[in-house]
Amino acid sequence: MIIKELKGGSFSKTLAIENNGRKIVRKFISRHVEREYGLVRWQSQIRKLQIMNQSIGSDYVPKVISSGYDDVSYYYDIEYFENSKTILDFLLNPYENVNSKTVFDNLIKVIDNYKTVDFGSIKGAFSLYIQEEIVSVLSKIITYSNSDSLAIVELNEIKDICSSVLNLIKCKSNYLADIELNETLTHGNLTLENVLVDSMGDIKIIDLYAETYCESWLGDISQIMQSCIGDYEQINDLNEDDFDCLFTKKTVSTSEFYEEFKNNLNMLILKFSHEDKVALEVFYASQFIRMFPFKIEKTPRKAFYFAVQGMKTLNKVLNKC
């Protein structure tokens, strides 16, 4: 019996269901559509859940219960958490008797826990990440042909910004190549929609991701930044028609809890070393740029808006290096 449909990612659907009297979450992937890419992502999530569960325990990560298939899909089942909500939902509609500082501290505690699983560093991994997730995407923007969704003047201005950022990355290539990050166990997609919090303030991380080129915990922090400093989820929920200006950051409704969580994050970042701050800002910028190829066909104005936000961040941080 289907309880409700949940957000399920790019190539799947996710349902909360009741099976033999037990509530579970079932994540599907098509056996036929986008099979190769989708199936790799789906399997990587299972493995990442297992590794994370073994490393930090089931207090923070759902267990993988079973897997199977039907005529159209493969699926795996994980635990269902009753009476929980995402951190983003919590910040906008908080529980009574739970404050955002507690939730923030609990989230950072989990990150501090799993980042102790240290893989060492790989020289050049950060530069490879920049090349694949930033430079290759900006190169696509430079060659983009106009559509009815953008005015010529808008596209030309975006391409000018893009050219400037690409030149800046080239000028700073030696500096960026020398940044060598310790790679650790990470969540890989740590948005505030991928962390659940219950009415006691305890958290569970969900929808882990294992397809990164430089597996640094700073990448996880940058995705939290994307959620609550960049307001990504709320802005992404807007309609295409709401993106009349592609060059000014849109404002969204927040709450006292939301702003407190953001302040706690900013205070944490202030404690980072200069090199970690640079890497963090580059990761943060990349979160907005790397999604361009996935958004350009269906929501081109959103795609360009987010790319511009990322490029503005890159321009700011690289000019300080």
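This one's a predicted model, so the numbers in the text were calculated from it and none came from an experiment. (Residues numbered from 1 in each chain as written. Predicted model: local features only at pLDDT ≥ 70, side-chain atom pairs only at ≥ 80, totals over all residues. Heavy atoms only, no water.)

Points about the nonpolar core
Put simply, the rule reads: The set of buried Ala, Val, Leu, Ile, Met, Phe, Trp, Tyr and Cys residues whose side-chain atoms join them within 4.5 Å is what this entry labels a nonpolar core. Relative accessible area decides the class of each residue, using a 1.4 Å probe on protein chains only: under 20% of the type maximum gives buried, over 50% gives exposed, and in between gives partly exposed. Under the scheme used here, helices are H or I runs from DSSP no shorter than 4 residues and strands are E runs no shorter than 2 residues, and both carry numbers assigned from the N terminus. Contact between two residues is taken to exist if any of their heavy atoms lie within 4.5 Å; hydrogens are not considered.
Residues Leu-107, Phe-126, Leu-138, Ile-169, Phe-261, Phe-304 and Leu-314 are the most contacted members of the largest nonpolar core, which totals 95 residues. Looking at which element gives the most residues to this core, the answer is helix H12 (residues 300–318), with 10 residues. Every residue in contact with Phe-126, bar those within four places of it in the chain, is listed here: Leu-176, Ile-179, Leu-181, Cys-214, Ala-279, Val-282 and Phe-283.

Re H12
Just so we agree on the cut-off: To estimate the expected span of a helix, count its residues, drop one, and scale the result by 1.5 Å.
Over its 19 residues, H12 runs 27 Å from end to end, which matches the ideal 27 Å to within 8%, given 1.5 Å per residue. Counting buried positions over the 19 residues of H12 gives 16, a clear majority of the element.

Side note on unusual backbone geometry
One non-glycine residue, Asn-20, adopts positive backbone phi at about 55 degrees. Assignment of secondary structure puts Asn-20 in the loop between strand E2 (14–19) and strand E3 (22–30). The backbone of Asp-231 sits at a positive phi, close to 55 degrees, despite the residue not being glycine.

Side note on the pairing of E2
Worth spelling out the cut-off: Strand pairing is assigned whenever DSSP identifies at least 2 bridges connecting the two strands.
The pairing of strand E1 (residues 2–6) with E2 spans four bridges and is classified as antiparallel. Its bridge partner lying in E2, Ile-2 is registered against Ile-17. In terms of strand pairing, E2 meets E3 through six bridges, oriented antiparallel. Residue pairing across strands places Glu-18 opposite Lys-23, the latter belonging to E3.

Observations regarding the sheet that holds strand E5 (residues 73–79)
Convention followed: Only C-alpha atoms enter the line fits that serve as axes; for helices the fit covers just the stretch in contact. Angles between N-to-C directions range over 0 to 180 degrees.
Judged by pairing direction, the sheet is antiparallel, and its five strands sit side by side in the order E1-E2-E3-E5-E4 without closing on themselves. Both outer strands of the open sheet, E1 and strand E4 (64–69), are each paired with one neighbouring strand and no more. Strand-to-strand twist of the sheet, defined as the mean angle between neighbouring strand axes without regard to direction, takes the value 25 degrees.

Some points on the packing of aromatic side chains
The following threshold applies: Here is the rule: rings of Phe, Tyr and Trp (six-membered ring for Trp) pair when centre to centre is within 6.5 Å. Planes less than 30 degrees apart are stacked, more than 60 are edge-to-face, and the remainder are tilted. Charge over a ring is defined by NZ of Lys or CZ of Arg lying within 6 Å of the ring centre and within 35 degrees of the ring normal.
Enumeration over the complete set of coordinates arrives at 16 aromatic pairs. Ring centres 5.9 Å apart and planes at 35 degrees place the aromatic pair Phe-90 and Tyr-95 in the tilted group. Like Tyr-95, Phe-90 is buried. Where Trp-217 meets Phe-272, the ring centres are 5.4 Å apart and the plane angle is 80 degrees; that geometry is what we call edge-to-face. Here the residue Trp-217 occupies a position in helix H7 (residues 217–228), and Phe-272 occupies one in the loop between helix H9 (256–270) and helix H10 (274–289), the gap between them amounting to 55 residues. According to the relative accessible area criterion, Trp-217 is buried, its value standing at 16%. In textbook terms, an aromatic cluster arises when at least three aromatic residues are bridged by ring pairs, as seen for Tyr-232, Phe-243, Tyr-284, Phe-288, Tyr-305 and Phe-306. The aromatic ring of Tyr-95 is capped on one face by Lys-85, whose charged end is 4.6 Å from the ring centroid.

Quick word on the environment of Asp-59
Its location among the elements puts Asp-59 in the loop between helix H1 (35–56) and E4. Since its relative accessible area comes to 58%, Asp-59 is described here as exposed. As a C-alpha pair, Asp-59 and Ile-203 span 144 residues in sequence and 8.3 Å in three-dimensional space. Setting aside residues up to four positions removed in sequence, Asp-59 forms contacts with Ile-203 and Lys-204.

Considerations on the pattern of salt bridges
Pairing is possible between side chains that carry opposite charge, provided their charged atoms lie close to one another. Where we set the bar: What makes a salt bridge here is a side-chain nitrogen of Lys or Arg within 4 Å of a carboxyl oxygen of Asp or Glu, nothing more.
All told, the structure shown has 11 salt bridges when counted by the stated rule. Between Lys-101 and Asp-105 there is a salt bridge; the shortest N-O distance is 2.8 Å. Of the two residues, Lys-101 and Asp-105 both sit in helix H3 (residues 100–114), four residues apart, roughly one turn of that helix. On the basis of relative accessible area, Lys-101 is assigned to the partly exposed category, the value being 35%. Note that Lys-115 is salt-bridged to Asp-112, the shortest N-O span being 3.4 Å.

Structural notes on helix H4 (residues 125–142)
Given 3.6 residues to a turn, an α-helix orients residues that are three or four positions apart in the same direction. For clarity, the threshold we go by: Throughout, bend refers to the angle between the axes fitted to the seven residues that end at a position and the seven residues that start at it.
With 18 residues, H4 extends 25 Å between its outermost C-alpha atoms, agreeing within 8% with the 26 Å of an ideal straight helix rising 1.5 Å per residue. Along its length, H4 shows its largest kink, about 35 degrees, at Gln-131. All buried positions along H4 are accounted for by Ala-125, Phe-126, Tyr-129, Ile-130, Glu-133, Ile-134, Val-135, Val-137, Leu-138 and Ile-141. Tucked inside the fold, the buried residues of H4 contact helix H5 (152–171), helix H6 (173–177), strand E8 (182–184), H10, helix H11 (292–295) and H12.

Quick word on the sheet that holds strand E6 (residues 84–86)
Judged by pairing direction, the sheet is antiparallel, and its three strands sit side by side in the order E6-E9-E10 without closing on themselves. Looking at the sheet topology across the chains shown, the edges are occupied by E6 and strand E10 (203–205). Neighbour to neighbour, the strand axes of the sheet diverge by 30 degrees on average, direction disregarded. Sheet topology places E6 next to strand E9 (residues 195–198); three bridges connect them, and they run antiparallel. Counterpart to Lys-85 in the pairing with E9 is Val-197. Against the sheet, H3 engages E9 and E10, with an angle of about 45 degrees to E10.

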